[in-house]
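Coordinate inspection notes
This is what each chain is made of:
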Amino acid sequence: FPSSLRPPITPPHQATMGLTAYLVGSFSGVGMHMMNNALQKVPLSRKPWLHVTYFFVGGWIGQRWVRLEKELILDINEIRADKGLPPMVATDRMLGLHYKNPE
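What comes next is a walk through the structure. All of these numbers come straight from a predicted model, not from anything done at the bench.

Overview of the overall build of the protein
- For the protein, the count of helices and strands is two helices and zero strands.
- Here the protein holds 103 residues, and the buried ones make up 18% of them.
- Put simply, 53% of the contacts in the protein that link residues at least 6 apart link residues at least 24 apart.
- When the accessible surface of the protein is summed, it comes to about 8200 Å², and 67% of that surface belongs to carbon and sulfur atoms.

Take a look at the structure:
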């Protein structure tokens, strides 16, 4: 493959982080739907297709959140480099994220 068409190599922690973000978002979506049903005092299993819908929507939001966070850090580092400041570095406390500029 030419370098522009080569698929990116993702380290193992990024694959785990993506799965974790997807599952957290998915279960949050289902939990919100069940809480909504509980607050309305209707059976929790009412409209089961919404459980599935919120599962996938929550997973998509979880994935999008991680991608936005990475883009934000890279943008911040670019602005800091323009001002002559050192780059902002993520810590291990943030779901094990390590932000590096693609080389």
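A few points about unusual backbone geometry
- Despite not being glycine, Lys41 has its phi angle at roughly 55°, a positive value.
- Of note in the backbone geometry, Lys47 takes a positive phi value of approximately 50° without being a glycine.
- Residue class for Lys47 comes out partly exposed when judged on its relative accessible area of 38%.

Quick word on the environment of Ala21
- Tracing the backbone through its elements, the reader meets Ala21 in helix H1 (residues 12-39).
- Residues contacting Ala21, with those up to four places away along its chain left out, are Gly62 and Val66.

Describing the environment of Leu44
- Tracing the chain through its elements places Leu44 in the loop between H1 and helix H2 (48-82).
- On the basis of relative accessible area, Leu44 is assigned to the partly exposed category, the value being 40%.
- Residues Leu44 and His33 lie eleven residues apart in sequence; the distance between their C-alpha atoms is 8.4 Å.
- The residues contacting Leu44, other than those within four sequence positions of it, are Met34, Asn37, Ala38 and His51.

Some thoughts on the side chain of His33
- As for its placement among the helices and strands, His33 is situated in helix H1.
- A residue is classified by how much of its surface remains accessible, and His33, at 3% relative accessible area, is buried.

Definitions and limits used
- Residues numbered from 1 in each chain as written.
- Predicted model: local features only at pLDDT ≥ 70, side-chain atom pairs only at ≥ 80, totals over all residues.
- Heavy atoms only, no water.
- Helix = DSSP H or I, 4+ residues; strand = E, 2+ residues; numbered from the N terminus.
- Buried < 20%, exposed > 50% of the residue type's maximum accessible area, 1.4 Å probe, protein only.
- Contact = heavy atoms within 4.5 Å.
- Areas by Shrake-Rupley, 256 points an atom, 1.4 Å probe, with all protein chains shown as cover.

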